[in-house]
Amino acid sequence: MDPARVPTFCTKLQWPWIDRKWLPLHNLWLDSGMDMQLGTLQLRNNLVAAPMCGISNRAYRLLCKRYGAGLVYVEMLKVESFLHHNRKMMTLKYFREDERPIGIQFAGNNPLWLADACKMAEDEGYDIIDFNMGCPVPKIGKCGAGSALMAYPERAAKCFEAMVKAVKIPVTVKFRAGVNENHLNFVQIGRLAQEHGLVGVTIHPRTREQGYTGLANHERTRELKASLRIPVIASGDVKEPEDAMRVLRHTGCDGIMLGRGAWGRPWLFREIAEMQSHGRVFTPSPDPLERLAILREHFELLLEAFNETHACQVVRRYATWYIRDVKGSPAIRARMNRVSTREEFHEILDETEACFERELGHEPALATVAAAG
Ligand SMILES: Cc1cc2nc3c(=O)[nH]c(=O)nc-3n(C[C@H](O)[C@H](O)[C@H](O)COP(=O)(O)O)c2cc1C
């Protein structure tokens, strides 16, 4: 396929498994799940795409949005890099109007810098600002930011106060359960956030020490929800619509933030929206051919955000996720891992598609979607 033709082809295939005349109705379904309000910001539903370093670039956010996310975030930015217009930051923070509502997330522990960054973010048009108190990475922790700040609630409170005072747009915070099992202070941090005018909190109920090991303990989400009046969003280990329903019911939380579960599977947002509004998922998951079409589109969106070499490097990771349970995926992955031009990328997908079409006689069977993450 001539790569120049791809965008049109992809546009036609945006919702290939739904007759386009039903699209307006389908969007209604996406909106008809539980909605959520964060301060003055009314969201179409209660499903949030997690900010994720190295993942939630513009291409990823646009696909999450299209498949039903009610709110998307730019990945966590260190407040000082944001203020100093560091070059990498300029690529990361740029967003398109059709991503709205869109949030930005800062990590830091200096109230003055955070206030300045919030003002800048408001001027740049973001709809909401989140404060990161969940990142366990040493690079952030050694500056006393991210989840390390949970050990210093008074300092955190000063940051909350400065951020809220600086802007009119809503401010939220995302935190963990605590520093470790002996220091669980998520309720204290949640209450401080509420007292200082933050309009919502997200909890990833693992400790800083846990990193990403073990399970997210949503018993803690439940305890937090019972202690606060502002909306509580749960983050952690939601990989299927059933997981989302279980967490929502068990904790009484207001919304769900999806991270690894949506990797290579942005339609998980739609599936959860359908489950919430109708009690079941009725739109079939994309079959292998449709998934390849979504991967093509993902790549074209990456090319909008990055130069060709960088887009090729980035797409390798996403490609692995899109094709993970597709027949012959190890061979496709091996080729994808060496892809270095746009032409090469489309060539691999053309051949893979032709192979599927031959095997499936143009009637691809529905693939079973494996658990993500
Ligand atoms: C690769 C990666 C990058 C992440 N980056 C961020 C980030 O920038 N900001 C943030 O608040 N959380 C970040 N997280 C945490 C996720 O937002 C989420 O809270 C966590 O992965 C648990 O949810 P999940 O099980 O749905 O993935 C990151 C997680 C991963 C795996």
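A. Examining the pattern of salt bridges more closely. Across all of its chains, the model carries 21 salt bridges by this definition. Close ionic contact of Arg 260 with Asp 237 constitutes a salt bridge, the shortest N to O distance being 3.7 Å. Here Arg 260, found in the loop between β11 (255–258) and α12 (268–278), pairs with Asp 237, found in the loop between β10 (232–235) and α11 (241–251); they are 23 residues apart in sequence, far enough to count as distant. Arg 260 sits in the partly exposed class, given a relative accessible area of 24%. Given the relative accessible area of 24%, Asp 237 is considered partly exposed.

B. Inspection of the nonpolar core at higher detail. Judged by nonpolar contacts, the single largest core of 116 residues is most densely connected at Phe 106, Met 133, Phe 160, Phe 175 and Ile 256. When we break this core down by domain, the ones giving at least three residues each are domain 1 (15–278) and domain 2 (288–360). Setting aside anything within four residues of it in sequence, one finds Phe 160 in contact with Phe 131, Met 133, Val 173, Ile 189, Leu 192, Ala 193, His 196 and Leu 198. Counting residues in hydrophobic clusters, the runner-up holds five residues, among them Ala 107, Cys 135, Ile 140 and Ala 145.

C. Structural detail: the packing of aromatic side chains. The final tally for this structure, using the stated rule, is nine aromatic pairs. Ring centres 4.8 Å apart and planes at 50° place the aromatic pair Phe 95 and Tyr 126 in the tilted group. A residue pair is termed long-range when its members are at least 10 positions apart, and Phe 95 in the loop between α5 (87–93) and β5 (102–107) and Tyr 126 in the loop between α6 (111–123) and β6 (128–133) qualify at 31 residues. In terms of burial, Phe 95 and Tyr 126 fall into one category: buried.

D. The arrangement of the side chain of Glu 353 in detail. Checked against the element boundaries, Glu 353 lands in helix α16 (residues 342–360). When its relative accessible area of 11% is taken as the criterion, Glu 353 is described as buried. If sequence neighbours within four positions are ignored, Glu 353 has contacts with Leu 289, Leu 292 and Arg 296.

About the thresholds
- Residues numbered from 1 in each chain as written.
- Predicted model: local features only at pLDDT ≥ 70, side-chain atom pairs only at ≥ 80, totals over all residues.
- Heavy atoms only, no water.
- Salt bridge = Lys/Arg side-chain N within 4 Å of Asp/Glu carboxyl O.
- Helix = DSSP H or I, 4+ residues; strand = E, 2+ residues; numbered from the N terminus.
- Buried < 20%, exposed > 50% of the residue type's maximum accessible area, 1.4 Å probe, protein only.
- Core = buried A, V, L, I, M, F, W, Y, C linked by side-chain atoms within 4.5 Å.
- Domains from an automatic or database assignment.
- Contact = heavy atoms within 4.5 Å.
- Phe/Tyr/Trp six-rings, centres within 6.5 Å; stacked < 30°, edge-to-face > 60°.

Take it as geometry only, folks, not as evidence of what the structure does.
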